[in-house]
Amino acid sequence: MSSGFSRGKEGTVIAKFEAAEISLLRSLVSMMLGIVSPGQTSDDPLERALGIGDSAVPSDPVLARLFPSAYEDEKEAAEFRRYTEATLRDGKRADAQTVHETARAGRAELSPEQAQAWLRSLNDLRLTLGTKLDVTEEVHDEIAMMSEDDPRYPAYVTYDWLTYLQDSLVRALW
């Protein structure tokens, strides 16, 4: 595969993508921006200004995976979620926006900060797609055995491609 990431000079990362890959990435990132839209905040103006939000565990399995409970104890988890989820959502949106803005066909140079945003966003995309597909550790065996006519095939191949990109970026960064 010629697409992916390589180490640049002085901590930069070189990204190489074909136009079709950029189209797919931007589509996935747009989906992510919709998924991590701002969370529910209080009616209290001070709480809203401070980003204090809802303490309920998300009912959507994707959101529950992207924003897992930090504690086993429900009360502690709810309190932690109340004070952190809005900020976490902001960060995920900022990372996705960075990918959307810097993704281009051909060769592009990413700053170290942009590369880190890409890494976090690729992870979020994999978690999202993996949750929707109910991916297990046997995913690569499943893809190898799956017929290209299987309606799930494109989604599984996309998940595998995101895994490749994430691995390529990690190797370029370290």
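Keep in mind that what you see is a predicted model, and the values were worked out from it rather than measured.

Asker: So what's going on with the pattern of salt bridges? Residues and values would help.
Answerer: Opposite charge on two side chains allows them to pair when their charged atoms are near. A full pass over the atoms with the stated rule returns seven salt bridges. A salt bridge links arginine 93 to aspartate 90; the nearest nitrogen and oxygen atoms lie 2.4 Å apart. Of this pair, arginine 93 and aspartate 90 both sit in helix 4 (residues 74-102), three residues apart, which is roughly one turn of the helix. Residue classification places aspartate 90 among the partly exposed residues on the basis of a relative accessible area of 42%. In this structure, aspartate 95 engages arginine 120 in a salt bridge whose closest nitrogen and oxygen atoms are separated by 2.8 Å. Here arginine 120 lies in helix 5 (residues 112-133) and aspartate 95 lies in helix 4, a separation of 25 residues in the sequence. One salt-bridge network, held together by shared partners, links Arg81, Glu85 and Arg89.

Asker: How would you sum up the sheet that holds strand 3 (residues 106-110)? Please name residues and give values.
Answerer: Pairing is antiparallel in the open sheet, where three strands are placed in the order 1-2-3. Each edge of the open sheet is held by one strand with a lone partner, namely strand 1 (4-7) and strand 3. Strand-to-strand, the axes of this sheet are offset by a mean angle of 25°, without reference to chain direction. Across the sheet, helix 5 lies against strand 1, strand 2 (13-17) and strand 3, angled at about 110° from strand 3, the strand it touches most.

Asker: Lay out the side chain of aspartate 95 with the relevant residues and their values.
Answerer: On the basis of relative accessible area, aspartate 95 is assigned to the buried category, the value being 8%. Beyond its immediate stretch of four places on either side in the chain, aspartate 95 contacts Ala117, Arg120 and Ser121.

Asker: So what about the nonpolar core? Which residues, and what values?
Answerer: One finds Phe5, Phe17, Leu25, Trp118, Leu122 and Leu169 to be the most contacted residues of the largest nonpolar core, which totals 37 residues. When residues of this core are traced back to their parent elements, those giving at least two are strand 2, helix 1 (19-35), helix 3 (61-66), helix 4, helix 5, helix 6 (139-145) and helix 7 (153-173). Considering each element in turn, this core owes the most residues, eight residues, to helix 7.

Asker: Describe the packing of helix 1 against helix 4, naming the residues involved and giving the relevant values.
Answerer: Orientation of helix 1 relative to helix 4, taken along the N-to-C sense of each, is 160°, at an axis distance of 9 Å. Classified by the angle their axes make, helix 1 and helix 4 are roughly antiparallel. Handedness of the helix 1/helix 4 crossing: left-handed. Where helix 1 approaches helix 4, its residues Arg26, Val29, Ser30, Met32, Leu33 and Ile35 are matched on the opposing element by Arg89, Arg93, Ala96, Gln97, Val99 and His100. Here the contact of helix 1 with helix 4 is built from residues that sort into six nonpolar, three polar and three charged.

The rules behind these values
Residues numbered from 1 in each chain as written. Predicted model: local features only at pLDDT ≥ 70, side-chain atom pairs only at ≥ 80, totals over all residues. Heavy atoms only, no water. Salt bridge = Lys/Arg side-chain N within 4 Å of Asp/Glu carboxyl O. Helix = DSSP H or I, 4+ residues; strand = E, 2+ residues; numbered from the N terminus. Buried < 20%, exposed > 50% of the residue type's maximum accessible area, 1.4 Å probe, protein only. Pairing = 2+ DSSP bridges. Axes fitted to C-alpha atoms, helices over the stretch in contact; angles between N-to-C directions. Contact = heavy atoms within 4.5 Å. Core = buried A, V, L, I, M, F, W, Y, C linked by side-chain atoms within 4.5 Å. Parallel < 35°, antiparallel > 145°, perpendicular 65-115°, else oblique. Left-handed = near helix turned anticlockwise from the far one by under 90°. Nonpolar A, V, L, I, M, F, W, Y, C, P; charged D, E, K, R; others polar.

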